[in-house]
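Architecture and fold: a report
One letter stands for each residue in the lines below.
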Amino acid sequence: AQKVTQAQTEISVVEKEDVTLDCVYETRDTTYYLFWYKQPPSGELVFLIRRNSFDEQNEISGRYSWNFQKSTSSFNFTITASQVVDSAVYFCALSQLGDKIIFGKGTRLHILP
Amino acid sequence: ETGVTQSPTHLIKTRGQQVTLRCSSQSGHNTVSWYQQALGQGPQFIFQYYREEENGRGNFPPRFSGLQFPNYSSELNVNALELDDSALYLCASSSTGISYEQYFGPGTRLTVT
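I will try to describe carefully the structure that is included in this document. Computed from a predicted structure; not experimentally measured. (Residues numbered from 1 in each chain as written. Chains lettered and ligands numbered in written order. Predicted model: local features only at pLDDT ≥ 70, side-chain atom pairs only at ≥ 80, totals over all residues. Heavy atoms only, no water.)

Observations concerning the overall build of chain A
Heads up, the rule is: We count a stretch as a helix when DSSP gives it H or I for four or more residues in a row; a strand needs E for two or more, and each element gets its number in order from the N terminus. All radius of gyration figures rest on C-alpha atoms, and the globule criterion is 2.2 Å times the number of residues raised to 0.38. The buried label goes to any residue with under 20% of its type's maximum accessible area, the exposed label to any with over 50%, and the partly exposed label to all in between, with areas taken from a 1.4 Å probe on protein chains only. Accessible surface area values rest on a Shrake-Rupley calculation with a 1.4 Å probe, where residue burial reflects the displayed protein chains alone. When charges are counted, neither His nor the chain ends are considered; positive counts come from Lys and Arg and negative counts from Asp and Glu. By convention, the point assigned to a charge is CZ for Arg, NZ for Lys, CD for Glu and CG for Asp.
Per the secondary structure count, chain A includes zero helices and 12 strands. For chain A, the succession of helices and strands along the chain, N to C, is β-β-β-β-β-β-β-β-β-β-β-β. Whereas a compact globule of 113 residues would reach a radius of gyration of roughly 13 Å, chain A reaches 14 Å, a difference of no more than 12%. The C-alpha extent of chain A, read off along each of the three principal axes, is 45 × 25 × 20 Å. Looking at chain A as a whole, 44% of its 113 residues qualify as buried. Accessible surface for chain A amounts to roughly 5,700 Å². Of this, 47% is attributable to carbon and sulfur atoms. Charge-centre separation for chain A: the mean point of 11 positive side chains lies 4 Å from the mean point of 13 negative side chains.

Shown next, in the form of structure tokens:
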């Protein structure tokens, strides 16, 4: 069975601090895809990144970076120099591309000014 | 390029009633997936439609049904509404065979009283 666990329910940090959101996944598939989505108060899911199971290279996009480690089944997300606009719920998710997406329960991130 | 749209934005229904939610897929996309997001939870897969046929279903009872039309837009119907059906309903469109990336709409917030 596929499962995504986001152990951190809620995190609060002061603006400009770095913060890491943890994600652990379970799957028996050898080919799979991992995602991070952001959900601001408006409710719309904003796609942040997709990684396939064969690409363990870490990725950096501006203040965002992702650390994919197959050995520990983890796909962690770090925001550097956090800003108030980063406040949102963040979801880690897993799928076989084209198939249903399995979401974690989300981590609510509060960036305090 | 028009993104995924959903209507209505908000809806209030009474227990036992029936509801229809609508989704217009992104231009060029032939697959629509529906998700239910209860308060404080991650989205859960309801079902997916590809070329007007159901193409996968999550753990939802038969009173959740759907349709996909020749223009690839879709409807989600829920009969005999229950209080626990109160949630944000998200639609995602994708293009099977070209790019499987799922693009989410803004959602319909359903409240059952």
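Some points on the interface of chain A and chain B
Selection criterion: We call two residues in contact when some of their heavy atoms are within 4.5 Å. The salt bridge definition used is simple: a Lys or Arg side-chain nitrogen within 4 Å of an Asp or Glu carboxyl oxygen. Contacts described as polar in this section are N or O atom pairs within 3.5 Å, which, within protein, must combine one atom able to donate a hydrogen with one able to accept it, while residues neighboring in sequence count only if both atoms come from side chains.
At the junction of the two partners, chain A supplies 17 residues and chain B supplies 16 residues. Along the contact surface separating chain A from chain B lie zero salt bridges. Counting the contacts that link chain A with chain B gives two residue pairs in polar contact (both at pLDDT 80 or more). At the level of secondary structure, the elements contributing two or more residues to the side of chain A that touches chain B comprise β5 (33-39), β6 (46-52) and β11 (101-103) of chain A. It is β5 of chain A that contributes the most residues to the side of chain A that touches chain B, three residues altogether.

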